[in-house]
Amino acid sequence: RLVLGIETSCDDTGAAVLDEKGAILGEYLHSQKEVHLRTGGIIPSVAQCLHRENINHVVQEALQRSGVEPSQLSAVATTVKPGLGLSLGVGLEFSQRFVRQHNKPFIPIHHMEAHALTVRMLHPIAFPFLVLLVSGGHSLLAVARGVDDFLLLGHTLDEAAGDTLDKVARRLSLTKHPQCSTLSGGQAIELLAKDGDRKKFPFRTPMGQTLDCCFSFSGLRNQVTMTIMKKEAEEGVEKGTLLSCANDIAAATQHTVATHLAKRTHRAILFCKANGLLPLNSPTLVLSGGVASNQYIRKALTIISDTTGLQLLCPPAKFCTDNGVMIAWNGVERLREGKGILPPNVDVCYEPKAALGVDMTAEVK
Ligand code: ATP
Ligand code: FE
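Here, residues in each chain are numbered from 1, in the same order as that chain's written sequence. Chains carry letters and ligands carry numbers; both start at the beginning, A for chains and 1 for ligands, and go up in the order they are written. With the structure being a predicted model, the display of local features is reserved for residues of pLDDT at least 70 and the display and counting of side-chain atom pairs for 80 or more, all residues being used for whole-chain, interface and lining totals.

For the purposes of this entry, the term helix denotes a DSSP run of H or I that reaches at least four residues, the term strand denotes a run of E that reaches at least two, and both are numbered from the N terminus. Scanning the protein chain for helices and strands turns up 11 helices and 11 strands. Here the C-alpha atoms of the protein chain give a radius of gyration of 21 Å, agreeing with the 21 Å that 2.2 N^0.38 yields for 365 residues. Overall size of the protein chain, expressed as C-alpha extent along the three principal axes, is 65 × 50 × 30 Å. In this scheme the burial state of a residue depends on its C-beta neighbours within 10 Å: 20 or more other such atoms mean buried, 12 or fewer mean exposed, and anything in between means partly exposed; the C-beta positions come from the backbone. With 365 residues in all, the protein chain has 52% of them scored as buried. Contacts here follow a simple rule: the backbone-placed C-beta atoms of the two residues must lie within 7 Å. Sequence-distant contacts, at least 24 apart, represent 76% of the contacts inside the protein chain between residues at least 6 apart. Radius of gyration means the value over C-alpha atoms here, while the globule rule gives 2.2 Å times the residue count to the 0.38 power.

Put into structure tokens, the structure is as follows:
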């Protein structure tokens, strides 16, 4: 069984062909990152335009590399939620035309479900497992109980961890930094932080008094922005040209994000243990999403998993960020279980906002 996966939920146009065991037969990814770095953030209409320009080529290239003809496919899986409406629309429209033309089943995919399941393509882990997803648009903790069965324990109340890192990087104009011109905000912060002293800026860890598993990053971003403004004023330099302590600010921001993620995850593990939500035998914590490629954050989560007796699994960086492979894999998992497979002629709508699974956030204390 062969599945074509298509991803256009944000700023990456991705496609891949996988077999039922998760072998990647062919893949192709077109990133819009450089364009969006130049404009200082994603402009949805620009993203849409670039997806439109590239989607046909991306899909054809993935098919060609795999040596698979459309007629040999068992199904096409495409991200339809959540994400930027204009971006999702391009992938969905293309896919619906494609499945009708080739008379193939269509599998609509939840982008965060795909991030959560990618790990099963690489490690044979069984359900249930705890998953922490930290990306540009999401920060969430969930128990994955099955392919389409999630318990949402916590989500962000304001912005996502990756978004905060991107905004701090932009405020520091890190794209102008010689080593960072092609890096995402999070990557730039990680690089600068290596030569920084986090103790110079002891930012407050968010939500110290709240007993749930939700996240909040906007307060931290405020603290960091105020600090940058103060330092710029003290040193009499123009906005976004602070050089003297950018490394220290990056290190302190990264440390605070890591601490917040680790503390909430620790709470979630205790909640899962108290309520029997994880297996007693080799319980697992999965860390994924773009921010999960950060080594400092991985280390913080390793400490939490070690002290609570969970094994930590984290897909390699290229599978943590958006790609067609994870969507195709989600399609393989759904096809295997016969879940959410539609005939080619059914009209599907995209959904910019879509919760993952059953919302338990109010129950987690
Ligand atoms: P979502 O999955 O929520 O729709 P997205 O798909 O845009 O969002 P990803 O592609 O999974 O997000 O991840 C992109 C985010 O990951 C960006 O915010 C980026 O700054 C961050 N990121 C990438 N590499 C690193 C790193 N090494 N350290 C920290 N953050 C990183
Ligand atoms: Fe993503």
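Additional details are given in the paragraphs that follow.
Time to look at helix α3 (residues 85-102). For α3, with 18 residues, the first-to-last C-alpha span of 26 Å sits near the 26 Å given by 1.5 Å per residue. Listed in full, the buried residues belonging to α3 are Ser 87, Leu 88, Val 90, Gly 91, Leu 92, Phe 94, Ser 95, Gln 96, Phe 98 and Val 99. Residues of α3 that are buried in the fold lie against β1 (2-7), α2 (44-66), β4 (75-81) and β5 (106-110). Following α3 by one or two positions, Asn 103 has its phi on the positive side, about 55°. For a helix, the expected span equals 1.5 Å multiplied by the number of residues minus one.

On to the sheet that holds strand β8 (residues 149-155). Pairing between two strands requires that DSSP report at least two bridges joining them. Taken together, the six strands give an open sheet; going across it, the order is β10-β9-β6-β7-β8-β11, and neighbouring strands pair in mixed fashion. Both edges of this open sheet fall to β10 (311-313) and β11 (358-359), since each of them pairs with a single strand only. Direction of pairing for strand β7 (residues 139-146) relative to β8: antiparallel, over a ladder of six bridges. Opposite Leu 141, over in β8, you have Gly 154 as the bridge partner.

The next point concerns the site of ligand 1. Using a C-beta atom placed from the backbone, a residue is described as near a molecule or strand when that atom lies within 6 Å of it. Surrounding ligand 1, one finds 24 residues, the nearest of these being Gly 136, Gly 137, Gly 162, Gly 186 and Gly 290. At the level of secondary structure, the elements contributing two or more residues to the shell around ligand 1 comprise α4 (111-122), α5 (161-171) and α6 (185-193). Split by residue class, the shell around ligand 1 holds three nonpolar, 18 polar and three charged. Any residue that is not Ala, Val, Leu, Ile, Met, Phe, Trp, Tyr, Cys, Pro, Asp, Glu, Lys or Arg is counted as polar, Gly included; the first ten are nonpolar and the last four charged.

Moving on: the sheet that holds β5. Taking strand neighbours across the sheet as the criterion, the five strands line up as β3-β2-β1-β4-β5 in an open arrangement whose pairing is mixed. Strands at the two margins of the open sheet, each flanked by one partner only, are β3 (24-31) and β5. Neighbour-to-neighbour, the strand axes of the sheet open up by a mean angle of 20°, direction not taken into account. Pairing geometry for β1 and β4, over four bridges, is parallel. Counted as the bridge partner of Gly 5 is Ala 77 from β4. Structural elements are reduced to axes, namely lines fitted to C-alpha atoms, with helices fitted over the stretch in contact, and the angle between N-to-C directions of any two is expressed from 0 to 180 degrees. Contacting β1, β2 (12-19) and β3, α2 crosses the sheet at an angle of about 160° to β3.

This part takes up helix α8 (residues 246-274). The terminal C-alpha atoms of α8 lie 42 Å apart, and with 29 residues this matches the ideal 42 Å at 1.5 Å per residue to within 8%. Among the 29 residues that make up α8, 22 are buried, leaving the element largely enclosed by the rest of the structure. Positive backbone phi, approximately 60°, marks Gly 276, located one or two places after α8.

Next up on the list: unusual backbone geometry. Each neighbour pair has its own omega, and for Phe 127 with Pro 128 the value is -5°, a cis peptide bond. With respect to the helices, strands and loops of the structure, Pro 128 is situated in the loop between α4 and β6 (129-134).

A few words now on the nonpolar core. In this description, a nonpolar core means buried residues of the types Ala, Val, Leu, Ile, Met, Phe, Trp, Tyr and Cys, linked to one another by C-beta atoms lying within 7 Å. One finds Val 3, Ala 142, Leu 261 and Ala 328 to be the most contacted residues of the largest nonpolar core, which totals 114 residues. Among all residues touching Ala 142, those that are not within four sequence positions of it are Ala 116, Val 131, Phe 150, Leu 151, Leu 152, Leu 153, Leu 356 and Gly 357.

Between two packed helices, what matters for the description is the angle formed by their axes and the separation of those axes. Direction vectors running N to C along α4 and helix α11 (residues 324-337) enclose 80°, while the axes themselves pass 8 Å from each other. As judged from the angle between their axes, α4 and α11 are roughly perpendicular. Contacts between α4 and α11 pair Glu 113, Ala 114, His 115, Leu 117, Thr 118 and Met 121 from the former with Met 326, Ile 327, Trp 329, Asn 330 and Glu 333 from the latter. Working rule for angles: under 35 degrees goes down as roughly parallel, over 145 as roughly antiparallel, 65 to 115 as roughly perpendicular, anything else as oblique.

Time to look at the environment of His 260. Secondary-structure assignment places His 260 in helix α8. When the C-alpha positions of His 260 and Gly 208 are compared, they lie 8.7 Å apart, and in sequence the two are 52 residues distant.

A few words now on the pairing of β5. Side-chain positions along a regular strand alternate between the two faces of the sheet. Buried residues dominate β5, accounting for five of its five residues. What you see with β5 is no split at all: Phe 106, Pro 108 and His 110 on one side and Ile 107 and Ile 109 on the other are buried throughout. Summarising the sheet, β4 and β5 pair through five bridges and their orientation is parallel. Residue pairing for β5: Lys 81 is matched across the bridge by His 110. Note that the unit made of β4, α3 and β5 has a crossover that is right-handed. Handedness rule for crossovers: strands pointing away from the viewer, path from the first strand over the helix to the second running clockwise, crossover right-handed.

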